[in-house]
Amino acid sequence: MNIIIVGGGFAGINLAKELTNEPNIQVTLIDKNNYNFFPPLIYQVATAYLEPSSISYPYRKFFAGKKNLTFRLAELLSVDQSQNKVILDNGELFYDQLVFASGAETSYFGMENVQKNAIPMKTLSDAIEMRNKLLQNMEKAVITKDIRERRKLLTIVVAGGGPTGVEVSGMLAEMRNGILLKEYPELGTAASNLYLVDGASSLLSPMSEASQNDTYKALTKMGVEIKLNTQVTDYKDDLVYFSTGETIATKNLIWAAGVWAKQFEGIAAESYGRGRRMATDAYNRVNLTTNVYAIGDTAIMSTDENFPNGHPQVAQPAIQQGKNLAKNFVAMLNNKPLKAFSYYDKGSMAIIGKNKAVVDIPKPKMHFNGFFAWLVWLFIHLISLITYRNRLKTFYNWMVAYFARDQSYRMIIRPEKVKNKS
Ligand SMILES: Cc1cc2nc3c(=O)[nH]c(=O)nc-3n(C[C@H](O)[C@H](O)[C@H](O)COP(=O)(O)OP(=O)(O)OC[C@H]3O[C@@H](n4cnc5c(N)ncnc54)[C@H](O)[C@@H]3O)c2cc1C
């Protein structure tokens, strides 16, 4: 069985891992990047707390020595289902079974100015760009004599009060409180406001009320100004416009407000469901196809009785679907019955700052916060990293940061070509 997997994120890499050494299965993993990365920690790269290599790993190194796994660096453009063929930006490949594990991409809800001017938070490249932009703006703030310009350079608006928005706000608040004065003495007590805005009436919408309240209180105490029931409607000429009629002048709008799945030519419009996700049956097979599957963020299924509106777009459903589909491919080859997917919800968590986090566990229903929740968050994220090497590097970095109360990755590293353009 010749299986093509498009995308090596949580879903794709777990599917590939489970199929390692299956004698009758050949896997080709296609990804537009040559590395797997860990999105839950990209905000730590963006805030110069971790180096990119701590949370990423090259596919080819991961696949080395695994005879039935091959990697192809390419972007999938379209599918020709009549010929079982995928069309890539650098060639074509044939498959017996095709799996979309292509994740989601940033959605700007149709706001072109926001797309053009905001800083996205979805990929590792976005994180490096954000790090560079924030650091460059701080350097510009040191030089300018214009107080209004300086305020715009130092003010940060984070749009999106989900875990990413909360975590990045907490980290930026700690940086401002611990590093700004120490390393940028020229700025003195210059105003540097940090806002977190969300269209909903609470932060961390899918989490428990206790977690939402704890987070609100902790961030407010750290100096983050939170604006709820407030949607971004435009961002131009360094002004963020809100649905409330308010505006904020800033050169830093961080966009952590929404994602939608990618659509591909060759997959019928009727095969897509809510959020442009590919609608599948209980075995992750895309509706109206015979041998095309979708797993992870890009898939939506309504057959799981506890999740009739689809699974949350987080890591665990992606991992569990990847593993279940691998077992089903092996079962198919052995003429055994397939197993319908059922999601086991292990809970959710968010870190707010040093020694501060919130954790919700569904069974038995439990909520905890503070230092213990923070330790749980660190442990879960550490063991979820892809290799021992990544775990060790991240652990080391966290220890240094914890005891030294600082980190030393605040370098602006850009290729000359890019640097000269900006
Ligand atoms: C900033 C951030 C923080 C997050 N924090 C958490 C968290 O704390 N906990 C949690 O559970 N979840 C979190 N999530 C969500 C979680 O990362 C996703 O649910 C998860 O990554 C989904 O896995 P996936 O395999 O479906 O997609 P992804 O991990 O997004 O992988 C998709 C892969 O497909 C590749 N790809 C896409 N299109 C193409 C193409 N056309 N051709 C070739 N390759 C392609 C991409 O390069 C990528 O490698 C976070 C997400 C973000 C962005």
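Let us look at the structure shown here.

Relative orientation of the contacting elements helix α1 (residues 10-18) and helix α9 (residues 315-333) amounts to 30°, with a least axis distance of 7 Å. Comparing the axis directions of α1 and α9 gives the class roughly parallel. Of the two possible hands of crossing, α1 and α9 adopt the one that is right-handed. Where α1 abuts α9, its residues F10, A11, N14, L15 and E18 lie against A315, A318, I319, G322, K323, L325, A326, K327 and F329. Class assignment for the residues of the contact of α1 with α9 results in 9 nonpolar, 2 polar and 3 charged.

Time to look at the side chain of E167. Along the chain, E167 turns up in helix α7 (residues 163-183). Of the buried charged residues, E167 lacks a salt bridge, with K122 as the closest side chain of opposite charge at 13 Å.

This part is about the pattern of salt bridges. Following the criterion strictly, the structure yields 11 salt bridges and no others. When the shortest N-O distance is used, the salt bridge between K236 and D234 registers 3.6 Å. A residue is classified by how much of its surface remains accessible, and K236, at 34% relative accessible area, is partly exposed. Classification of D234 by relative accessible area gives buried; the value is 18%. Overlapping salt bridges bring together E149, K152, D238 and K251 as one network.

Where helix α10 (residues 370-384) contacts helix α11 (residues 388-404), the axes come no closer than 9 Å and their chain directions differ by 150°. Considering the angle they form, α10 stands roughly antiparallel to α11. Taking contact as the criterion, the partners of F371, W374, W377, L378, H381, L382 and I383 in α10 are, on α11, R391, T394, F395, W398 and Y402. Class assignment for the residues of the contact of α10 with α11 results in 9 nonpolar, 2 polar and 1 charged.

Reading the values: rules and limits
- Residues numbered from 1 in each chain as written.
- Predicted model: local features only at pLDDT ≥ 70, side-chain atom pairs only at ≥ 80, totals over all residues.
- Heavy atoms only, no water.
- Axes fitted to C-alpha atoms, helices over the stretch in contact; angles between N-to-C directions.
- Helix = DSSP H or I, 4+ residues; strand = E, 2+ residues; numbered from the N terminus.
- Parallel < 35°, antiparallel > 145°, perpendicular 65-115°, else oblique.
- Left-handed = near helix turned anticlockwise from the far one by under 90°.
- Contact = heavy atoms within 4.5 Å.
- Nonpolar A, V, L, I, M, F, W, Y, C, P; charged D, E, K, R; others polar.
- Buried < 20%, exposed > 50% of the residue type's maximum accessible area, 1.4 Å probe, protein only.
- Lys, Arg positive; Asp, Glu negative; His and termini not counted.
- Salt bridge = Lys/Arg side-chain N within 4 Å of Asp/Glu carboxyl O.

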